[in-house]
Structure formats: C-alpha cells, structure tokens
Amino acid sequence: MVSLANFDLLSVGTAVAAVGILGFVVGFSNLRSITNRTFLLFTLVTVFWSVANYLAYHLPAESSLLVFRLVICAGVWHSLTFFQMCFVFPRDRVVFPQWYKFGVLPFAFIVSILALTPLILKEIATVSVTGNIEKITNGPAIPLFGLTVLGLAIAGIAMLIRKTIQARGVE
C-alpha cells in the first residue's frame, strides 16, 4: 500500500508517464508532421517541467534555488512549445514566418537563459525549520518572465480560437 507521504511522488510519476507515453505515441505516429513533432516536444518539456517542479519542493534549500530556476526556465519553453503547437496545428508542414524565427524564438531563448540567473529569482529569502524554501526574492526581470509566459499562452489560445472560427468544418 502506498503511504500518503509518497502520494505526491505517485501522482507526479503517473502524470509524467502518461504524458510521456502520449507524446511518443502521437509524435512517432507521423514524424513528418510538424504538429506531431511539436506535440512530442511539448510533452517532453512538460515532463521535464513536472520533474523539476517536484524536485524543487523535495530537495534541500541549498540546491532548491537552482531547481526553481530550472522550473522557471522550463516554464518559458513550455509556453513557447504550446504557442508553436497552436501555430502549427493541424497542418503537417509549416513555413515559419520571419517574426517567429527572428523574434519569438530568440526572445524566448533569452528569457529562458535569464531565468537561470538572479535577474528573475534573486535569492532564498526564508527557509523553514524543516529546511524547505518558504520564500524566494524575485529579481528585477520577473515581470519579463511573467509577460513572456502569459503572452505566449494568450496568443496561442487566441490563435486556436481564430483557427476554429475560420475552419467551419473545412479541416
């Protein structure tokens, strides 16, 4: 029987396994499709983000700050791959526009690198008596992270809504 202390590990492990399997099944069902490849990439980033998020709350405070930064970095890639999935869906082939290749991708890359520095998560502010981080001081670039992730998510959802309205049973 699984103890309640390990329930969080069981739930994260189950979710990670399910998402990973789904990603590989869809991704490898048609490797020529940009939608399938992007979905596979999205699920791999989701798996990494989930594992890092789990570890951030279970490692000692001295190593948790780095893992929290990895969670933030993965969050940028998660929102970017979600946006790309919305952009390419449901097509098999896509020619990415200049604004995506030379605007969105480099910007997201820069923000993800900044996520690994004190500019987004500055330092550990408070540690509990059990050794877990209770509070982290945000750096001056935290709004840049928030706007990037939120902007990509909203743009992706808006793109899907627009595609749904325009499709009207065509695709």
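S.K.: So what's going on with the overall build of the protein? Which residues, and what values?
M.R.: Each helix and strand in the protein was counted, giving five helices and two strands. Listing each helix as α and each strand as β along the protein from the N terminus yields α-α-α-α-β-β-α. Taking all contacts inside the protein whose residues are at least 6 apart in sequence as the whole, residues at least 24 apart take part in 62%. Within the structure as shown, the protein displays about 10300 Å² of accessible surface, and the carbon and sulfur contribution to it stands at 72%. Each charge sign in the protein was given a centre, from 11 positive and 6 negative side chains, and these centres are 18 Å apart.

S.K.: Got a sec to walk through the nonpolar core? Specific residues and values, please.
M.R.: With 31 residues, the main nonpolar core has Phe96, Ile120 and Leu121 as its most contacted residues. Mapped by element, the contributors of at least two residues to this core are helix H2 (34-56), helix H3 (61-88), helix H4 (98-114), strand E2 (133-138) and helix H5 (142-167). The leading source of residues in this core is H3, at twelve residues. Dropping the residues within four chain positions of it, Phe96 is found in contact with Ile34, Gln84, Phe87, Val88 and Lys101.

S.K.: Any details on the pairing of E2? Residues and values, ideally.
M.R.: Taken together, the five bridges between strand E1 (residues 121-127) and E2 define a ladder with antiparallel strand orientation. Bridge pairing in E2 links Thr126 to Lys135. Hairpin connection, E1 to E2: the antiparallel pair is bridged by five residues, and Gly131 has positive phi, about 95 degrees.

S.K.: How would you sum up the packing of aromatic side chains? Please name residues and give values.
M.R.: Counting across every chain of the model gives twelve aromatic pairs. Between Phe83 and Tyr100 the ring centres are 6.1 Å apart and the planes differ by 25 degrees, which places this aromatic pair in the stacked class. Taken together, the positions of Phe83 in helix H3 and Tyr100 in helix H4 put the pair 17 residues apart, joining distant regions of the chain. On the basis of relative accessible area, Phe83 is assigned to the buried category, the value being 4%. Through pairs of rings, three or more aromatic residues link up here, namely Phe83, Phe87, Phe96, Trp99 and Tyr100. A cation sits over an aromatic face here: Arg91 above Phe87, 6.0 Å from the ring centre.

S.K.: I'd like a description of the packing of H3 against H4, backed by residues and values.
M.R.: Between H3 and H4, whose axes approach to 8 Å, the crossing angle comes to 160 degrees. What the angle tells us is that H3 and H4 run roughly antiparallel. Along this stretch, H3 crosses H4, giving a crossing that reads as right-handed. Residues Cys73, Val76, Trp77, Leu80, Phe83, Gln84 and Phe87 of H3 lie in contact with H4, whose contacting residues are Trp99, Tyr100, Val104, Leu105, Ala108, Phe109, Val111 and Ser112.

S.K.: Can you explain the side chain of Thr81? Please cite residues and give values.
M.R.: Topologically, Thr81 is positioned in helix H3. Its relative accessible area of 5% is what places Thr81 among the buried residues. A polar contact of 3.1 Å, which involves the side chain of Thr81, links it to the backbone oxygen of His78.

S.K.: I'd like a description of a nonpolar patch on the surface, backed by residues and values.
M.R.: Where nonpolar side chains cluster on the molecular surface, the patch consists of Phe24, Phe28, Leu31 and Leu44 and spans about 370 Å² of accessible area. With respect to the helices and strands, Leu31 occurs in the loop between helix H1 (7-29) and H2. On the basis of relative accessibility, which here comes to 43%, the residue Leu31 falls in the partly exposed class.

About the thresholds
- Residues numbered from 1 in each chain as written.
- Predicted model: local features only at pLDDT ≥ 70, side-chain atom pairs only at ≥ 80, totals over all residues.
- Heavy atoms only, no water.
- Helix = DSSP H or I, 4+ residues; strand = E, 2+ residues; numbered from the N terminus.
- Contact = heavy atoms within 4.5 Å.
- Areas by Shrake-Rupley, 256 points an atom, 1.4 Å probe, with all protein chains shown as cover.
- Lys, Arg positive; Asp, Glu negative; His and termini not counted.
- Charge placed at Lys NZ, Arg CZ, Asp CG, Glu CD.
- Core = buried A, V, L, I, M, F, W, Y, C linked by side-chain atoms within 4.5 Å.
- Buried < 20%, exposed > 50% of the residue type's maximum accessible area, 1.4 Å probe, protein only.
- Pairing = 2+ DSSP bridges.
- Phe/Tyr/Trp six-rings, centres within 6.5 Å; stacked < 30°, edge-to-face > 60°.
- Lys NZ or Arg CZ within 6 Å of the ring centre and 35° of its normal.
- Axes fitted to C-alpha atoms, helices over the stretch in contact; angles between N-to-C directions.
- Parallel < 35°, antiparallel > 145°, perpendicular 65-115°, else oblique.
- Left-handed = near helix turned anticlockwise from the far one by under 90°.
- Polar contact = N/O pair within 3.5 Å; in protein donor to acceptor, adjacent residues only side chain to side chain.
- Patch = residues over 30% accessible without salt bridge, like charges linked within 9 Å, V, L, I, M, F, W, Y side chains within 5 Å.
- Salt bridge = Lys/Arg side-chain N within 4 Å of Asp/Glu carboxyl O.

Purely geometric numbers; function is a separate question.
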